[in-house]
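What the coordinates show
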Amino acid sequence: MLTELKKSIAAGVMIGIGCTVYLSCENKVVGAILFSVGLFAICSFGMFLFTGKIGYVFSNKNKPNCAVIWLGNFIGSIIVSVAVRLARPEIHTIAAEVAAKKASIGIFKLIILAFLCGILMYIAVDNFGKHPHEISGIVGIVFCVAVFILCGFEHSIADMNYFAMGIQSISEAPRYLLVLVIISISNGLGAITIRQFIKEKETK
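Quick caveat: nothing in here was measured; it's all calculated off a predicted structure.

A few points about the nonpolar core
In this structure, Ile15, Phe35, Leu39, Met121, Val145, Phe148 and Met165 are the most contacted members of the largest nonpolar core, which totals 58 residues. If we ignore the near neighbours within four places in the chain, the residues touching Ile15 are Phe35, Gly38, Leu39, Ile42, Leu49, Ile157, Ala158 and Asn161.

What to know about helix H9 (residues 156-166)
With 11 of 11 residues buried, H9 is to be regarded as a mostly interior element. Looking at H9, one finds that the buried residues are Ser156, Ile157, Ala158, Asp159, Met160, Asn161, Tyr162, Phe163, Ala164, Met165 and Gly166.

Regarding the side chain of Ser8
Relative to the helices and strands, Ser8 resides in helix H1 (residues 2-24). Aside from chain neighbours lying at most four places away, what touches Ser8 is Phe48, Val68, Ile69, Gly72 and Asn73.

What to know about the state of the cysteines
Taken as a whole, this structure holds 0 disulfides when the rule is applied. Cys19 takes part in no disulfide bond, and the closest cysteine sulfur, belonging to Cys117, lies 11 Å away. Cys43 carries a free sulfur, and the closest cysteine sulfur to it, the one in Cys144, is 10 Å from it. According to the relative accessible area criterion, Cys43 is buried, its value standing at 17%.

Let's talk about the environment of Ile105
Its location among the elements puts Ile105 in the loop between helix H6 (90-103) and helix H7 (107-130). With 31 residues separating them along the chain, Ile105 and Phe74 place their C-alpha atoms 21 Å apart. Apart from the residues lying within four places of it in its own chain, the contact partners of Ile105 are Leu110, Leu113, Glu154 and Arg175.

Focus on the packing of aromatic side chains
Evaluated as defined, the whole model comprises 5 aromatic pairs. Ring centres of Tyr56 and Tyr122 lie 5.3 Å apart, and the angle between their planes is 45°; on these two criteria the pair is classed as tilted. Placement of Tyr56 in the loop between helix H4 (50-53) and helix H5 (66-87) and of Tyr122 in helix H7 is noted, with a sequence separation of 66 residues between them. Taking the relative accessible area as the measure of exposure, Tyr122 reaches 2% and is therefore buried. Above the plane of the ring of Tyr22 lies Lys28, whose end atom (NZ or CZ) is 4.6 Å from the centre.

Conventions and cut-offs
- Residues numbered from 1 in each chain as written.
- Predicted model: local features only at pLDDT ≥ 70, side-chain atom pairs only at ≥ 80, totals over all residues.
- Heavy atoms only, no water.
- Core = buried A, V, L, I, M, F, W, Y, C linked by side-chain atoms within 4.5 Å.
- Buried < 20%, exposed > 50% of the residue type's maximum accessible area, 1.4 Å probe, protein only.
- Contact = heavy atoms within 4.5 Å.
- Helix = DSSP H or I, 4+ residues; strand = E, 2+ residues; numbered from the N terminus.
- Disulfide = S-S within 2.5 Å.
- Phe/Tyr/Trp six-rings, centres within 6.5 Å; stacked < 30°, edge-to-face > 60°.
- Lys NZ or Arg CZ within 6 Å of the ring centre and 35° of its normal.

All quantities given are derived from atomic positions and should not be read as evidence of function.
Encoded structure:
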């Protein structure tokens, strides 16, 4: 469990780095593409990301401990967010606007946007797992990440970082936490759903 937690913290850090480069880019297409360095590192070095593992929660073997992974991702997100706020305080202003916008999205819309993100994250991770040493594995990560960002889909671990980087008052914390829970559950539902469709196709 300790190893799982450490790998999960590392994954949260990598997504935090992806969020930082995205917030640093004026060109959002470039930022969306560069964000994928986070997921690429996670997949390449065997780190544990909630949105990359939740799709396998009902698998017959090697079931991930998603609660521990989520917690580790959260800790990693906090570490990066504190560091970035200290080293690059200008990021806080940008992140605050992003966080406020995300927190104001209605619950129904959040569920849809997070569900669709879960689908893309499962596809990216599963494809890389099957083609780790091929260009298609890398391209799948870059495209899926860029698409979910440019579509405005909601990724729970990325949003952890945006909220932590952008929070301005402790009074905002309950709202941000509620939004994260909704997004996390919906990410999971999206990943689990697409896995079932893929498994059915592979069986046939």
